Amino acid sequence: MVTRFAPSPTGYLHLGHAYSALFAEARARESGGRFLLRIEDIDQGRCRPEFEDAILQDLDWLGLGWETPVRRQSEHMEDYAQALERLDGLLYPCFCTRKEINEEIAEAARAPHGPDGPLYPGTCRDMDPAGRARLMAAGKPYALRLDMGRAMAAVPGLTWRDRERGTACADGRPFGDVVLARKDTPTSYHLAVTIDDHLQGVTLVTRGQDLYAATHVQRLLQGLLGLDTPGYHHHRLLGGPSGRRLAKRDQSLTIRALRRSGKSAAEVRALAGHP
Ligand code: GLU
């Protein structure tokens, strides 16, 4: 059993992260397996070295141990580039700006929504090759999107299994033509996670239920790239005092703040539901 905790260094870890990290480590420990930590820092605009340092310190203080070296996504862009090459026939360049996409959605009579918001209307999907070549030659920035209809048709009948919810048939269509390589960084959350879980030999992906739907896209990418699929366990989300789920803005519930208020690591582990 190989599990991982994969935070993004965009803020301090809070009790919900502690729950998730301890959950992953417990699954590895109870089966005599391995627990990995991965730093998901592809979003260079939002990630900060001080948050990364804080993640390591906070997890260490909580009593977690992990294998080294820690994989940092920003150091592995070549792995993502190789995967993009293999998906080439199913990708297309999208030159749209966020503003153009929003305008097009606003004008549409009925704009379908997916788990991540309104779907991309497909503006650049059927652009003629000469037009594409012209924009590329002019240096217009572009993202690479997955043609979801063709991708789904290429690998029909994929399934995956969640330890709580059971078996699901992979269906990426609710996400539309997802971006696999962003304009500002030539990868994306879905691509990097899928490749990393494969390369690191993760056998059980544990994470919050808020990422359950994302697994449909990641399972599809596994199918397209010929990768094995791990098991999944999407766990409950820890609630804040008002009952809503915790977010990075809940500053009082960061591990740091709890520690500074005098709580011991054992007390914080207990607050995070891990006695
Ligand atoms: N980096 C993601 C986050 O912090 C989690 C990735 C994953 O577990 O798949 O929300």
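Residues numbered from 1 in each chain as written. Predicted model: local features only at pLDDT ≥ 70, side-chain atom pairs only at ≥ 80, totals over all residues. Heavy atoms only, no water.

Draft legend 1. Structural view of the side chain of threonine 194. By the secondary structure assignment, threonine 194 is in helix H7 (residues 189-199). Since its relative accessible area comes to 3%, threonine 194 is described here as buried. In this view, threonine 194 contacts Gln218, Leu221, Gln222 and Leu227; residues no more than four positions away in its chain are not counted. (Helix = DSSP H or I, 4+ residues; strand = E, 2+ residues; numbered from the N terminus. Buried < 20%, exposed > 50% of the residue type's maximum accessible area, 1.4 Å probe, protein only. Contact = heavy atoms within 4.5 Å.)

Draft legend 2. Region of interest: the packing of aromatic side chains. By the definition in use, this model includes five aromatic pairs. On the basis of an interplanar angle of 50° and a centroid distance of 4.9 Å, the ring pair of tryptophan 160 and tyrosine 212 is categorised as tilted. Of this pair, tryptophan 160 sits in strand S8 (residues 159-162) while tyrosine 212 sits in the loop between strand S11 (204-208) and helix H8 (214-225), and the two are 52 residues apart along the sequence. Exposure remark for tryptophan 160: the relative accessible area of 2% places this residue in the buried category. You can call tyrosine 212 buried: its relative accessible area is 12%. Note on tryptophan 160 and tyrosine 232: the rings are 5.6 Å apart at their centroids and 75° apart in plane angle, and the pair reads as edge-to-face. With a gap of 72 residues between them, tryptophan 160 in strand S8 and tyrosine 232 in strand S12 (residues 231-235) connect regions that are remote in the sequence. You'll find tryptophan 160 and tyrosine 232 in the same group, each marked buried. Through successive ring pairs, a cluster of aromatic residues spans Trp160, Tyr212 and Tyr232. (Phe/Tyr/Trp six-rings, centres within 6.5 Å; stacked < 30°, edge-to-face > 60°.)

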